[in-house]
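Results of the structural survey
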Amino acid sequence: MKLYGFPKRERLRSQKFIQELFEKGSSLFLYPFKIVYLLAASKPILSAPFPQVLISVPRKHFRRAHDRNLIKRRCREIYRLYKPEWLAKKQTLPALLAIIYLGKQHEPFAFMQKRLITLLNQVNCCPYEKTCETEPPPPKVS
RNA sequence: AAGGCAAGCUGUCUUAUCGCGGCUGUCUCUACGGCAGACGAGGAAAGUCCGGACAACACAGAGCACCGUACCACCUAACGGGUGGGGGGCAGUGACGCGAGUUGCUGCUCACAGAAAGCGCCACAGAAAACAUACCGCCUGGUAGCUACGAGUUAGCCGCUAGGUAAGGGUGAAAAGGUAGGGUAAGAGCCUACCGGGCAAGCGGUAACGCUUGUCGCAUGGCAAGCCUUACGGGUUGAAAGACCAAAUAGGCUGGAACGUAGCCCAAAGCUACGCGGGUGGCUCGUCCGUAGUGCGCAAGCGCUGUUCCAGUGGGUGGGUCGUUAGAGGCUGUCGGUGACGGCAGUCCUAGAUAAAUGAUAAGACUCGACAGAAUCCGGCUUAUAGGCUUGUUUUCCAC
RNA sequence: GCCGUUGUAGCUCAGUGGUAGAGCACUUCAUUGGUAAUGAAGAGGUCGGCAGUUCAAUUCUGCUCAACGGCU
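Procedures and definitions
Residues numbered from 1 in each chain as written. Chains lettered and ligands numbered in written order. Predicted model: local features only at pLDDT ≥ 70, side-chain atom pairs only at ≥ 80, totals over all residues. Heavy atoms only, no water. Salt bridge = Lys/Arg side-chain N within 4 Å of Asp/Glu carboxyl O. Helix = DSSP H or I, 4+ residues; strand = E, 2+ residues; numbered from the N terminus. Buried < 20%, exposed > 50% of the residue type's maximum accessible area, 1.4 Å probe, protein only. Axes fitted to C-alpha atoms, helices over the stretch in contact; angles between N-to-C directions. Parallel < 35°, antiparallel > 145°, perpendicular 65-115°, else oblique. Left-handed = near helix turned anticlockwise from the far one by under 90°. Contact = heavy atoms within 4.5 Å. Nonpolar A, V, L, I, M, F, W, Y, C, P; charged D, E, K, R; others polar. Phe/Tyr/Trp six-rings, centres within 6.5 Å; stacked < 30°, edge-to-face > 60°. Pairing = 2+ DSSP bridges.

What follows is about the pattern of salt bridges. Scanning the model with the defined rule gives 2 salt bridges in all. A salt bridge links Lys83 to Glu10, with the shortest nitrogen-to-oxygen separation between them at 2.9 Å. You can see Lys83 sitting in helix α2 (residues 65-90) and its partner Glu10 sitting in the segment before α1 (15-24), a full 73 residues away along the chain. For Glu10, a relative accessible area of 2% gives the class buried. A salt bridge links Glu77 to Arg80, with the nearest nitrogen and oxygen atoms 2.6 Å apart.

In structure tokens, the structure reads:
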């Protein structure tokens, strides 16, 4: 399997999973990103150990399809390149993940990269053992 | 050479690494797999403003309603698009004429059928805004009063009254042909000439229309992107159309509506007519489909089963395949045409996703990169757009 | 992808081919010891934008921008 790949099975496409994610999932925010994640889905995920990921840019902030496409592609690149390192760091990853760009304007790629990686590192992957990481536990958003 | 304007064309490139989409080939651990290969957004992909193809509604018929189009001819699959032509309007400039005005050239521009078919509207101002009218005026007759002297059938001033006028004034976006002259109490197409206009004929043109001649004193303002009239066109809904696979809009349950009458000797079956219900999505007609069986009762009627349709309930799905990309296709040459475009020959095939594929990093080049991302497919229109190229035209400068 | 609706004062809305209004809010004055309420006066508008039709457009027509809704 390709190390840095992002094949179709790692993309979140099922309407049922998406509904489950936004109903039960936890969310974190760091400008300009918001992420929603769910540690375990009701059915097994085909892409294990990696999550199924959904990337979204609201039409309300970016009217032109060209702008939305560009931001989604950059987000996907950031996630794709960081994915193996993230797994090595956390050992277990969420099952479902949504990355939503809430900024109202374009940001430089390096800035986006730094912020999204910081945000991904804040995800608490071990809900049963609170102190599995050296960092302090992230604020739980209900 | 530079700048402006118009029309047309074009729409950053190269290498490496990682990554994405379907396709083809191949490998095996047979799966949402690995490897390799070539291919992979636009001139507007956009807005969804028009027109088609295609599909479903059984067939897609007629009339009304509704909607759209509107100088003429042609192009086209079709169009509200395009090409060519006609006619206006505006600006600049020249010529003719005393003037009203006419006309040449150049540029821009026009949603450009009908206002003597009818209805409606035209604020304010103004006398009057549409079968014209008469405020200030002008002129004539009659007449109360006053003044003057030439003492009158006088002249003037200021009123009243009966008329004649539409020249001048003023209002307005718009005032009922204009200019010049005659004419008159004053005036007036009242008359004449010219200009403008209406009507008719002839000629030219496929036509829009143009030209010429005659005739009419001129007889009816604007708005139809107000209603409307005329001509022509439009059945409705859109790929979330639709077809197929799997148990899969099938089957179940509840409620409601229709299943009638007459004729062909009688019964059965069938047919016909008038009804009733429905397809039919604006209405009507036509057309099409259904209108069955049975129990009780003398009958009216009541009930059961069934068929068709409607409404609800409940269950199930929210998957796959096709439609889905080779087409009114592109390019080159040649022929026809003023042109849009068409004929013929050769050649090329180059996105096809479905939570939805083109990006990131590094290096380099130059003019330093604008607007911007396919979703059934085509033809247009409109809107956004950095830079570059070509052609035409005009202005300035330089050289000969 | 397809089909619609709406843009008028700070806010909520009328309006119609002829000088743009109502309620609330705002400002000033009166009233009160003071505030509220009340009364009087006042200010505030490129009628989303650009063209066109018309003598005249917020209204009619075309294009455009923005906001919102519906259809699997």
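That was the structure; now back to the text.
Moving on: the packing of α2 against helix α3 (residues 109-121). Between α2 and α3, the least distance of the axes is 10 Å, while the angle of their chain directions is 40°. The orientation of α2 with respect to α3, classified from their angle, is oblique. Crossing angle aside, the handedness with which α2 passes α3 is right-handed. Residues Ile71, Arg74, Cys75, Glu77, Ile78, Tyr79, Tyr82, Trp86, Lys89 and Lys90 of α2 touch α3, and the partners they reach there are Phe109, Met112, Gln113, Leu116, Ile117, Leu120 and Asn121. Split into classes, the residues belonging to the contact of α2 with α3 amount to 11 nonpolar, 2 polar and 4 charged.

Tallied over the entire structure, the rule returns 4 aromatic pairs. Pairing Phe33 with Tyr101 gives two aromatic rings, centres 5.6 Å apart and planes at 80°, and the pair type is edge-to-face. Residue Phe33 is found in strand β2 (residues 33-38), and its partner Tyr101 is found in strand β4 (residues 96-101); the two are separated by 68 residues along the sequence. Accessibility classification places Phe33 together with Tyr101 in one group, the buried group.

Read across the sheet, 4 strands follow the order β1-β2-β4-β3 without closing on themselves; strand pairing throughout is mixed. Bordering the open sheet on either side are β1 (26-30) and β3 (52-56), each of which pairs with just one other strand. Taken pair by pair, the neighbouring strands of this sheet meet at an average axis angle of 15°, ignoring direction. As paired elements, β3 and β4 share 5 bridges and run parallel to each other. Counted as the bridge partner of Val53 is Leu97 from β4.

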